[in-house]
Amino acid sequence: MAAKILVTGASGFIGRALLEHLRSEAYDVLGSVRVVAARERGFILAPELSATSDWREVLVGRDVVVHTAARAHVLKETEQNPLAVFRMVNTAGTLNLARQAAAVGVRRFVFISSIGVHGLFTREGECFTEQSPPAPHNDYALSKWEAEQGLQEISCETGLEIVIVRPPLIYGPGVKANFLHLLKLVESGWPLSLGGIRNRRSFLFLGNFVDAIRLCAEHPDAAGQTFLLDDGEPVSTPELIRAVARAMGRPARLLPVPASMLELAGSLLGKRAAVTRLTSSLVVDSSAIRSRLGWAPPFSMEAGLAATVSASA
């Protein structure tokens, strides 16, 4: 019998796609949200993520919790102490939810973490694996890493099965922030001074991600494991732009400006972090989930980009 699953953050980018995927596979699945109006669309109202919220009514009768809800990256931070707020939501809120899940008999807790737990970039010829040392590069990643450690302690105390997944940048229909900005730049037809970048970056299509999460929710060999995920072969920033342009049926207009010049310009303009994300490498080794659970991405990057472009048109 298929597991009865609760998806937190079900109105978000990941949660909504996961809910639709699980329902298409005939799972008994509930999606929890914080927006009252969303209840009219088949969601259930959840408490806020905090150290004291009462989740028991939402959790009773569920076998698995997939926890996608979180305080994500904030482009224009207004909090005086951002780390404290990230910890309150992503760390304390997650651990409170997990403890209550264990108390009411939930069997497994799938936690959506971040590749940022390992750092912001990989060196040439190297890649992140599950054994790579933690080096959280910002407050968000640190709060996720601290939640991971707390979840392992809860597992030891209660027997709750913990599965942790650390995705790289996720794209797909409904994508926002930097990836959507890139789509708009390519669509504009303006020449982009990114042709001289020689990096390698791993990406993950949303359709591949939700397929892997489904497997992590049920596969017996997933219990107690941490998995890194990606589409397969990493690509350079120019290769990604060319692939996006092909999906749009447009030419890729790339100027061969050296990465060093872009980084200098980024520093002078106060955009160093944004430029670093474009010029640096971040390569993920997803062989563990492939070998242990027999997972293979059902979609190619080409198919994923086509779906993303079509949805954003």
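If you're wondering where the values come from, they're calculated on a predicted model, not measured in any experiment.

A. Focus on the packing of aromatic side chains. Tallying each qualifying case throughout the model produces five aromatic pairs. Measuring from centroid to centroid gives 6.1 Å for Phe-86 and Tyr-140, while their planes differ by 70°, and the two rings are edge-to-face. Taken together, the residues Phe-86 in helix H3 (residues 82-103) and Tyr-140 in helix H4 (residues 139-158) connect sequence positions 54 residues apart. Tyr-140 gets classed as buried once you look at its relative accessible area, which sits at 11%. Both rings, one in Phe-205 and one in Phe-299, keep their centres 5.3 Å apart while their planes meet at 85°; by these two values the pair is edge-to-face. Separated by 94 residues along the polypeptide, Phe-205 in strand E8 (residues 203-205) and Phe-299 in the loop between helix H10 (287-293) and helix H11 (301-312) bring together distant segments of the chain. Residue classification places Phe-299 among the partly exposed residues on the basis of a relative accessible area of 38%. Counting every residue linked through ring pairs, the aromatic cluster contains Tyr-171, Phe-179, Phe-203, Phe-205 and Phe-299. A cation over a ring is seen here: Arg-71 above Phe-86, with NZ or CZ 4.6 Å from the ring centre.

B. Highlighting the packing of helix H5 (residues 177-188) against helix H7 (residues 237-248). Contact geometry of H5 with H7 gives a least axis separation of 10 Å together with a crossing angle of 65°. For the pair H5 and H7, the crossing hand works out as right-handed. Residue-level inspection shows Phe-179, Leu-182, Leu-183, Val-186 and Glu-187 of H5 in contact with H7, the latter providing Leu-240, Ile-241, Val-244, Ala-245 and Met-248. For the contact of H5 with H7, the residue count by class is nine nonpolar, no polar and one charged.

C. Up close: the pairing of strand E1 (residues 4-8). Across the five residues of E1, four count as buried, placing the element largely inside the fold. Inspection of the sheet shows E1 paired to strand E2 (residues 28-33) by five bridges, in the parallel sense. From the neighbouring strand, Lys-4 faces E2, where its bridge partner is Asp-28. Crossover handedness for the path E1 to helix H1 (residues 13-24) to E2: right-handed. Here four bridges tie E1 to strand E4 (residues 64-67), and the two strands are oriented parallel to one another. Looking across to E4, one finds that Thr-8 is bridged to His-67.

D. Summary view of a nonpolar patch on the surface. Among the surface-exposed residues, Leu-264, Leu-268 and Leu-269 lie close enough to one another that they form a single nonpolar patch of about 380 Å² accessible area. Secondary-structure assignment places Leu-264 in helix H8 (residues 259-268).

E. Region of interest: the environment of Ala-252. Mapped onto the secondary structure, Ala-252 falls in the loop between H7 and H8. Residue Ala-252 is classed as partly exposed on the basis of its relative accessible area of 35%. As a C-alpha pair, Ala-252 and Gly-189 span 63 residues in sequence and 7.7 Å in three-dimensional space. Residue contacts for Ala-252: discarding those within four places in its chain leaves Ile-241, Arg-242 and Ala-245.

F. Local environment of the nonpolar core. Ranked by size, the top nonpolar core spans 35 residues in total, and within it Ile-5 and Phe-209 carry the most contacts. Elements with a contribution of two residues or more to this core: E1, H1, E2, E4, strand E5 (108-112), strand E6 (161-166), helix H6 (206-218) and H10. With eight residues, the top contributor of residues to this core is H6. By size, the runner-up hydrophobic cluster in this structure holds 23 residues, among which are Leu-194, Ile-197, Met-248 and Met-301.

G. Expanded view of the sheet that holds E1. Across the sheet, seven strands lie side by side as E3-E2-E1-E4-E5-E6-E9; this open sheet has parallel pairing. A single partner strand is all that each edge strand has here, and the edge strands are strand E3 (44-45) and strand E9 (226-228).

H. Structural detail: the state of the cysteines. For the coordinates displayed, the defined rule picks out zero disulfides. Looking at the unpaired Cys-127, the closest cysteine sulfur is the one in Cys-216, lying at 19 Å.

I. Summary view of the packing of H8 against helix H9 (residues 272-279). Orientation of H8 relative to H9, taken along the N-to-C sense of each, is 160°, at an axis distance of 8 Å. Regarding the angle of H8 to H9, the classification is roughly antiparallel. Of the two possible hands of crossing, H8 and H9 adopt the one that is right-handed. On H9, the residues that touch Ala-259, Leu-262, Glu-263, Gly-266 and Ser-267 of H8 are Arg-272, Val-275 and Thr-279. Its residues assigned to classes, the contact of H8 with H9 comprises three nonpolar, three polar and two charged.

How each quantity is defined
- Residues numbered from 1 in each chain as written.
- Predicted model: local features only at pLDDT ≥ 70, side-chain atom pairs only at ≥ 80, totals over all residues.
- Heavy atoms only, no water.
- Phe/Tyr/Trp six-rings, centres within 6.5 Å; stacked < 30°, edge-to-face > 60°.
- Helix = DSSP H or I, 4+ residues; strand = E, 2+ residues; numbered from the N terminus.
- Buried < 20%, exposed > 50% of the residue type's maximum accessible area, 1.4 Å probe, protein only.
- Lys NZ or Arg CZ within 6 Å of the ring centre and 35° of its normal.
- Axes fitted to C-alpha atoms, helices over the stretch in contact; angles between N-to-C directions.
- Left-handed = near helix turned anticlockwise from the far one by under 90°.
- Contact = heavy atoms within 4.5 Å.
- Nonpolar A, V, L, I, M, F, W, Y, C, P; charged D, E, K, R; others polar.
- Pairing = 2+ DSSP bridges.
- Right-handed = clockwise from strand over helix to strand, strands pointing away.
- Patch = residues over 30% accessible without salt bridge, like charges linked within 9 Å, V, L, I, M, F, W, Y side chains within 5 Å.
- Areas by Shrake-Rupley, 256 points an atom, 1.4 Å probe, with all protein chains shown as cover.
- Salt bridge = Lys/Arg side-chain N within 4 Å of Asp/Glu carboxyl O.
- Core = buried A, V, L, I, M, F, W, Y, C linked by side-chain atoms within 4.5 Å.
- Disulfide = S-S within 2.5 Å.
- Parallel < 35°, antiparallel > 145°, perpendicular 65-115°, else oblique.

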